[in-house]
Amino acid sequence: MTPEERKYILENAKKLTAKQFAERLHLKERTVARFLERRQIQSSPPQPGPSQDSRSSLLSPFFLLTCLAAFGIGFLSYSNSFQASFHFDDDRSILHNYAIRNLSDLKSIWMFSRSRFLTYLSLALNYHFTGLDLFSLHLTNLLIHLLTSLAVYRLIHLTFQTPGLQDNPLKKHSPALACAASLIFLAHPIQTQAVTYIIQRTASLAGLFYISSVACYAQARLTQGRLAYLASILSAVAAMFTKEISFTLPLMLVIYEAVFFPNFFKELSRRIAKLLPFLGLLAVVPGIFIFQYGLDSDSVAALTQETKAISRGHYLLTQINVIRTYLRLLVLPVKQHLDYAYPISRNLFEPKTLLSLLLHLGWIGFAVKIFKRHRFLSFGIFWFFAALSVESSIIPIRDVIFEHRLYLPMAGFSMIFSYGFYALARDSKKFWAILIPAIFVFSFLTYNRNRAWKDEISLWTDSMKKSPAGERPYHNLAIAYHQKGEEDKALEYYEKALALNPKISKAYNAIGAILARRKQTQKAIEYFEKSIQADPDAFEGYANLGTLYLFLHHNYESAIKNHTLAIQKDPDGLKRNSWKSFYEIGLAQFLSGNKEKAEESVETLKRIGRKDLAEKLERILKGEEDPFSPVNPKMPAGGIEVMNVQ
């Protein structure tokens, strides 16, 4: 028995039984009983103590005050976001995602995204009750964020009840620390991308399940509660099916156990036994992808490398700098925007990269050095780096930096922020004198940042001003004007984007669509061909060539050929983008006299969830509808549905 354990037993002898001490500290009950006998101490059934505190904290005045403050600050900070438009990936994931439009068709939701099934199920619930209503979607996102901030409170309060923090002088201030961390997590403007950008519900919902799982685990360890333990497992499973960042959750629980419950390594086999159900979940995320794509070397390489444009080594070096930028944004959240046009680092000895690495090593070294005296602060640092490890390591992702990736790491930063300030202030009045203004400043910055998310034009104009060297803001601003029907402005910004990067396949494709609508058919074909030259794997150019050949040239053979190529190039197969090609192939087959083949397209459209188009094609085959009637007269710009020349 260590001195720390003996002290813990002596301090809590009147609150817990020998059996409870044994369970909590992983000691033999007989050993604890003998120690108490030698000290002539009679243990008794638990009175209000750590286990009782862990149950009653949800009714404590501090928690109720935190709830009121959170809801007030949350709704004020995000009050100007409820009508913010759909943005960027929202188009593919929500607006034109037919998988979420039938709540009873769980298979379609599952097939759309297995690893994010619960995220899309939540969107299907939104659609079932309120369709694509922006207020409802944003309100749901905000409520998730509010619940996550309260989960942060719960986790911190429970953590201060653990044996590892019994000697911590700030233990008596744990409700204040939990409240401060919760409100910092809630109000910080870096969270706007995960809350206001609708599809980034993936990050906030995963954060809710992740943090709740750790909090429930802490509760289970403190009270030996089976329900809390089960809730922790269920939350962990839910996190695994919400976003891939949850892969680190089992490892986070190992860190939590080692930091806050003494003698982890002495009792390693017994501790690991408790963690086995969670460690088993490490197989979930890779298992989902292996089940979907197979286990051959090409599939594994593709799963762990979203883009081949950046090597693993260069991505890792770049992330060393990106994490430095993340830290700057957390401490000084100014000049936020969606597209950072971040430079790729190719050498460890580049001054910025080397200095960034030394900074991170310094943080980790600091966490190790202060571990015995400030376990909680060390854990906050460990949490920050561990939570970033999936997206900021050796798995190249097309976009090297995004603010929503800080949503989960922000929980660790909020621990560091609140604990560090309290340790420095050493006084409740000074602490709140600093924290309250900081929270109000964060809230104001959040409100101000949400102005940029009003619509696509405001968002990409903001990014263009802050990142003038990047081509994507120009390209997406062009798409925004294109969708508004301001084609001249759209052409201007498409050309500016191509001047910065002449390989933007979708820009050529969109210009081709504008030219086709202006009846400049030959020039449109040239731009669609440029789209294919810029990216031979881009399906949009093939699909729009197929449309031109079908409706303007009545060249059914070329239409079928190009639409077939579009289907083959579609990275998402039957899930998302190929509906137009299947429909027009069926139409071309019918017009060329092959009704049997056209009927196959009807069945395919039904299988991919486009029963509306299947029924339209059936009516055409029966002679009940004009083959050249438009499918959708208001097709948006920038993607597969950019052209409608019927």
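Attention shifts here to the overall build of the protein. Within the protein, the secondary structure is distributed over 32 helices and zero strands. For the protein, the C-alpha radius of gyration of 28 Å lies close to 26 Å, the compact-globule estimate for 646 residues. A principal-axis box enclosing the C-alpha atoms of the protein has dimensions of 100 × 50 × 45 Å. Within the protein, buried positions represent 56% of all 646 residues.

The geometry of helix H10 (residues 174–187) relative to helix H21 (residues 409–425) is characterised by a closest axis approach of 8 Å and an angle of 135° between their N-to-C directions. Judged by the angle between their axes, H10 and H21 are oblique. With respect to the hand of their crossing, H10 and H21 are arranged in right-handed fashion. The segment H10 lies against H21, with Ala 176, Leu 177, Ala 180, Ala 181, Ile 184 and Phe 185 engaging Met 410, Ala 411, Ser 414, Met 415, Phe 417, Ser 418, Tyr 419 and Tyr 422.

It is worth spelling out the side chain of Ser 77 at this point. Mapped onto the secondary structure, Ser 77 falls in helix H5 (residues 61–77). Of the residues examined, Ser 77 reaches a relative accessible area of 3% and is grouped as buried. Among the polar contacts made by the side chain of Ser 77, one reaches the main-chain carbonyl oxygen of Ile 73 at a distance of 2.7 Å. Excluding anything up to four places from it in sequence, Ser 77 contacts Ser 443, Thr 446, Tyr 447 and Asn 450.

As a further point, take the confidence of the model for the protein. Put simply, the protein has an average pLDDT of 88, and 91% of its residues get 70 or more. No element of the protein has a lower mean pLDDT than helix H4 (residues 50–56), which averages 48, and none a higher one than helix H11 (residues 192–196), which averages 98. Predicted confidence is poor over residues 44–52, with pLDDT under 50, and the contacts of this stretch with residues over four places away or in other chains come to 27 contacts. Confidence drops under a pLDDT of 50 for residues 633–646, and excluding neighbours within four residues, the segment shows 54 contacts in the predicted structure.

The next point concerns the environment of Leu 330. By the secondary structure assignment, Leu 330 is in helix H18 (residues 312–331). Its relative accessible area of 0% is what places Leu 330 among the buried residues. Between the C-alpha atoms of Leu 330 and Ile 190, which are 140 residues apart in sequence, the distance is 7.0 Å. Excluding anything up to four places from it in sequence, Leu 330 contacts His 188, Ile 190, Phe 384, Leu 406, Met 410 and Phe 413.

Quick look at a positive patch on the surface now. Together, Lys 28, Arg 30, Arg 34, Arg 38 and Arg 39 give the surface a local cluster of positive charge. Relative accessible area serves as the criterion here: at 54%, Arg 30 is assigned to the exposed category.

Our focus in this paragraph is the state of the cysteines. Scanning the entire structure with this criterion turns up zero disulfides. In this model Cys 67 remains outside any disulfide bridge; the closest cysteine sulfur is found in Cys 179, 9.6 Å from its own.

Formed by 101 residues in total, the largest nonpolar core has its most connected members in Ile 211, Tyr 256 and Trp 383. The biggest single contributor to this core is H10, with eleven residues. With near-sequence residues (within four places) excluded, Tyr 256 lies in contact with Leu 155, Leu 158, Thr 159, Thr 162, Val 214, Tyr 217, Ala 218, Phe 261 and Phe 379. Among the nonpolar cores identified, the runner-up in size contains 74 residues, and Ala 490, Ala 510, Ile 525 and Ile 532 belong to it.

Phi at Phe 88 is positive, roughly 50°, even though this residue is not glycine. As for its position among the elements, Phe 88 is in the loop between H5 and helix H6 (90–95). On the accessibility criterion, Phe 88 (21% relative accessible area) is partly exposed. Phi at Lys 335 is positive, roughly 60°, even though this residue is not glycine. Relative to the assigned elements, Lys 335 resides in the loop between H18 and helix H19 (351–369).

A few words on the side chain of His 337. Mapped onto the elements, His 337 comes out in the loop between H18 and H19. You can call His 337 buried: its relative accessible area is 4%. Discounting residues that sit within four places of it in the chain, His 337 has contacts with Gln 193, Glu 403, Arg 449, Asp 462, Ser 463, Lys 466 and Ser 467.

Moving on to helix H25 (residues 487–500). The periodicity of an α-helix, 3.6 residues per turn, causes residues three or four places apart in sequence to face the same way. The terminal C-alpha atoms of H25 lie 20 Å apart, and with 14 residues this matches the ideal 20 Å at 1.5 Å per residue to within 8%. Of all the residues in H25, the buried ones are Glu 487, Ala 490, Leu 491, Tyr 493, Tyr 494, Ala 497 and Leu 498.

This brings us to the packing of aromatic side chains. A full pass over the atoms with the stated rule returns 31 aromatic pairs. On the basis of an interplanar angle of 40° and a centroid distance of 6.2 Å, the ring pair of Tyr 508 and Tyr 527 is categorised as tilted. With a gap of 19 residues between them, Tyr 508 in helix H26 (residues 505–517) and Tyr 527 in helix H27 (residues 521–534) connect regions that are remote in the sequence. In this structure Tyr 508 comes out as buried when scored by relative accessible area, which is 12%.

It is worth spelling out the environment of Ser 115 at this point. With respect to the helices, strands and loops of the structure, Ser 115 is situated in the loop between helix H7 (106–112) and helix H8 (117–130). Along the sequence, Ser 115 and Ala 239 sit 124 residues apart, while their C-alpha atoms lie 9.6 Å from each other. Among residues more than four places away in sequence, those in contact with Ser 115 are Met 240, Phe 241, Thr 242, Lys 243, Glu 244, Ile 288 and Phe 289. At a separation of 2.7 Å, a polar atom in the side chain of Ser 115 contacts the side chain of Glu 244.

Once that is clear, we can look at the pattern of salt bridges. Enumeration over the complete set of coordinates arrives at 22 salt bridges. Among the ionic pairs, Arg 271 bridges to Glu 257, the shortest N-O distance being 2.8 Å. You can see Arg 271 sitting in helix H15 (residues 268–280) and its partner Glu 257 sitting in helix H14 (residues 249–260), a full 14 residues away along the chain. Residues Glu 486 and Lys 484 are paired through a salt bridge, measuring 3.5 Å at the closest nitrogen-oxygen approach. Residue Lys 484 is classed as exposed on the basis of its relative accessible area of 55%. Overlapping salt bridges bring together Glu 487, Asp 488, Arg 517 and Arg 518 as one network.

About the cut-offs
- Residues numbered from 1 in each chain as written.
- Predicted model: local features only at pLDDT ≥ 70, side-chain atom pairs only at ≥ 80, totals over all residues.
- Heavy atoms only, no water.
- Helix = DSSP H or I, 4+ residues; strand = E, 2+ residues; numbered from the N terminus.
- Rg over C-alpha atoms; globule rule 2.2 N^0.38 Å.
- Buried < 20%, exposed > 50% of the residue type's maximum accessible area, 1.4 Å probe, protein only.
- Axes fitted to C-alpha atoms, helices over the stretch in contact; angles between N-to-C directions.
- Parallel < 35°, antiparallel > 145°, perpendicular 65-115°, else oblique.
- Left-handed = near helix turned anticlockwise from the far one by under 90°.
- Contact = heavy atoms within 4.5 Å.
- Polar contact = N/O pair within 3.5 Å; in protein donor to acceptor, adjacent residues only side chain to side chain.
- pLDDT = per-residue confidence, 0-100.
- Patch = residues over 30% accessible without salt bridge, like charges linked within 9 Å, V, L, I, M, F, W, Y side chains within 5 Å.
- Areas by Shrake-Rupley, 256 points an atom, 1.4 Å probe, with all protein chains shown as cover.
- Salt bridge = Lys/Arg side-chain N within 4 Å of Asp/Glu carboxyl O.
- Lys, Arg positive; Asp, Glu negative; His and termini not counted.
- Charge placed at Lys NZ, Arg CZ, Asp CG, Glu CD.
- Disulfide = S-S within 2.5 Å.
- Core = buried A, V, L, I, M, F, W, Y, C linked by side-chain atoms within 4.5 Å.
- Expected span 1.5 Å × (residues − 1).
- Phe/Tyr/Trp six-rings, centres within 6.5 Å; stacked < 30°, edge-to-face > 60°.

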